[in-house]
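Commentary on secondary and tertiary structure
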Amino acid sequence: MERWGPLAIRLRLRLRSVKGAVVDTIALLNSGYETVVPELLVPERLARDLGLYPSIPAGAEVREYALADGSRRRLIRIPDAVEVSAVTDDRVVGPVKASIVIAEGAEEPLISDKLSDALGIVALAIGEGLWCFRDEIGRRVRRTALPG
């Protein structure tokens, strides 16, 4: 096992909220997080940093979601709340408009399937943390973003 343990795919994202706040964060790519439109699930602390919680913008909705483990949880969904860009050492891809889903107890942000698609992210080896942008297939392999 490597120093960081299992890697998965994590990317550095730059988020600009409808409130004007800009926050850089690292988020986990989650192909099992299936959505109809681009979404980013965030912990309450990140929603606070974005100015989206606890004072929730108009248009927000509380919905019950089915999670991958079969459990159900009530989450706060704010449509089109952020512009998301993927930030690497050599380029920025985006911004892409996305909805925010605020989840009590979440430990890290999760990138939905549709947000991944909109940013052109292609998983090459999920368990090894290898990925690329769609326009780099066969030419470039990127590694997961590590904290710090």
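An account of the accompanying structure is given in this report. (Residues numbered from 1 in each chain as written. Predicted model: local features only at pLDDT ≥ 70, side-chain atom pairs only at ≥ 80, totals over all residues. Heavy atoms only, no water.)

Thoughts on the overall build of the chain
From N to C terminus, the chain includes 2 helices and 10 strands. In the chain, the succession of α and β elements from N to C terminus is β-β-β-α-β-β-β-β-α-β-β-β. A compact globule built from 148 residues should have a C-alpha radius of gyration of about 15 Å, and the chain, at 15 Å, falls within 12% of that. In terms of its C-alpha atoms, the chain occupies a principal-axis envelope of roughly 45 × 35 × 30 Å. By residue count, 45% of the 148 residues in the chain fall in the buried class. Just so you have it, the chain exposes about 8100 Å², and 49% of that area is on carbon and sulfur atoms. Of the charged side chains in the chain, 21 are positive and 21 negative, and the gap between their average positions amounts to 3 Å. (Helix = DSSP H or I, 4+ residues; strand = E, 2+ residues; numbered from the N terminus. Rg over C-alpha atoms; globule rule 2.2 N^0.38 Å. Buried < 20%, exposed > 50% of the residue type's maximum accessible area, 1.4 Å probe, protein only. Areas by Shrake-Rupley, 256 points an atom, 1.4 Å probe, with all protein chains shown as cover. Lys, Arg positive; Asp, Glu negative; His and termini not counted. Charge placed at Lys NZ, Arg CZ, Asp CG, Glu CD.)

Some details on unusual backbone geometry
The phi angle of most residues is negative, glycine excepted, and most peptide bonds adopt the trans form. In this model, Tyr-53 is joined to Pro-54 through a cis peptide bond whose omega is 5°. Turning to its location among the elements, Pro-54 is positioned in the loop between α1 (44-49) and β4 (61-66). Cis peptide bonds are those with omega within 30 degrees of zero, and the linkage from Gly-94 to Pro-95 qualifies with 15°. Structurally, Pro-95 is set in strand β6 (residues 92-103). The phi dihedral of Asp-80 is positive, around 45°, even though this residue is not glycine. Within the secondary structure, Asp-80 sits in strand β5 (residues 72-87). Exposure remark for Asp-80: the relative accessible area of 44% places this residue in the partly exposed category.

Some details on the pairing of β6
Two elements, strand β3 (residues 39-43) and β6, share 5 bridges in a ladder whose sense is parallel. Each bridged residue has a counterpart across the sheet, and for Glu-39 the counterpart in β6 is Ser-99. Bridging between β5 and β6 involves 8 bridges; their strand directions are antiparallel. When the sheet's bridge partners are listed, Ile-78 is paired in β6 with Ile-100. Counted along the chain from β5 to the antiparallel partner β6, the turn is 4 residues long. (Pairing = 2+ DSSP bridges.)

Details of the side chain of Ser-116
Tracing the backbone shows Ser-116 in helix α2 (residues 113-118). Judged by relative accessible area, Ser-116 falls into the buried class, the value being 6%. In this structure Ser-116 touches Leu-29, Ile-111 and Ile-121, once residues within four positions along its chain are discounted. (Contact = heavy atoms within 4.5 Å.)

What to know about the environment of Ile-121
Looking at where Ile-121 falls in the secondary structure, it is placed in strand β8 (residues 121-125). Taking the C-alpha atoms as reference, Ile-121 lies 6.0 Å from Cys-132; in sequence the two are 11 residues apart.

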